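Given next are the chains, with one letter for each unit.
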Amino acid sequence: MRLDLLSTLTGVQSCALVGQDGLPLEMQGELGEALAAELAALQLSGERVGRRLGVGQVTRLAFTSDLADVVAVFTGGFALGAVLQRGIDTRSAQQTLARVALGLSKPGQGLPTPEVLPAQDGL
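Residues numbered from 1 in each chain as written. Predicted model: local features only at pLDDT ≥ 70, side-chain atom pairs only at ≥ 80, totals over all residues. Heavy atoms only, no water.

J.: Give a detailed account of the overall build of the protein chain, specifying residues and quantitative values.
T.: Scanning the protein chain from N- to C-terminus turns up three helices and five strands. Reading the helices (α) and strands (β) of the protein chain from amino to carboxyl end gives α-β-β-α-β-β-β-α. Accessible surface, the protein chain: about 7,900 Å² in total, of which carbon and sulfur atoms supply 55%. (Helix = DSSP H or I, 4+ residues; strand = E, 2+ residues; numbered from the N terminus. Areas by Shrake-Rupley, 256 points an atom, 1.4 Å probe, with all protein chains shown as cover.)

As structure tokens, then:
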């Protein structure tokens, strides 16, 4: 799926894609479900910070904890993120997240949109 390439990168422990409604669309790894929930919360916080500081939309976020590095990209209402082993170079994960996000923002190349079926006689 969309996160397969990301999950194969060295050091990636979990990754997730969250939809515009805050519900997970794709998750991989042991922490995938928790990451999905936190990505939705981080996206809302980022929107608030950008608005209150007047700096515009937050599109990337990265932080380091005692045990892991977390990187995330926000685009078009979607949130994508990965938990990586602490100390791993996060550049390849950030680049892969950006490529996936770019695919989500391109019409016809991102998430499928509901199709309108033509009316059929007698139905």
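J.: Break down helix α3 (residues 91–105) for me, with residues and values.
T.: In this model α3 runs 21 Å from its N-terminal to its C-terminal C-alpha over 15 residues, within 8% of the 21 Å that 1.5 Å per residue would give. Every buried residue of α3 is listed here: A93, T96, L97, V100, A101, G103 and L104. Viewed end-on, α3 has its buried residues packed into an arc of 155°, placing them on one side of the element. In α3, those exposed residues whose orientation departs by more than 90 degrees from the buried face are R91 and R99. Buried-residue contacts for α3 involve α1 (4–7), β1 (12–18), β4 (68–75) and β5 (78–85). (Expected span 1.5 Å × (residues − 1). Buried < 20%, exposed > 50% of the residue type's maximum accessible area, 1.4 Å probe, protein only. Arc of directions from axis to C-beta. Contact = heavy atoms within 4.5 Å.)

J.: Now, about helix α2 (residues 32–53): what can you tell me, with residues and values included?
T.: For α2, with 22 residues, the first-to-last C-alpha span of 31 Å sits near the 32 Å given by 1.5 Å per residue. Inspection of α2 places G32, L35, A36, L39, A40, Q43, G46 and G50 among the buried residues, and these make up the whole buried set. One side of α2 holds all its buried residues, which, seen down the axis, span an arc of 145°. Away from its buried face by more than 90 degrees, α2 exposes E33, L44 and R52. Those residues of α2 hidden inside the fold are in contact with β1, β2 (24–28), β4 and β5. Just beyond α2, the residue with positive phi is G54, at close to 70°.

J.: Please set out the side chain of S14 residue by residue, giving values where relevant.
T.: Secondary-structure assignment places S14 in strand β1. In contact with S14, not counting residues within four places along its chain, are Q28, G29, E30, L31, G32, L35, G81, A82 and V83.

J.: Describe the environment of T96, with residues and values.
T.: The topology assignment puts T96 in helix α3. T96 sits in the buried class, given a relative accessible area of 3%. Spatially, the C-alpha atom of T96 lies 9.0 Å from that of L3, the residues being 93 residues apart in sequence. Once residues lying within four places of it in the same chain are set aside, the contact partners of T96 are L5, L6 and L9. Separated by 2.8 Å, the side chain of T96 and the backbone oxygen of S92 make a polar contact. (Polar contact = N/O pair within 3.5 Å; in protein donor to acceptor, adjacent residues only side chain to side chain.)

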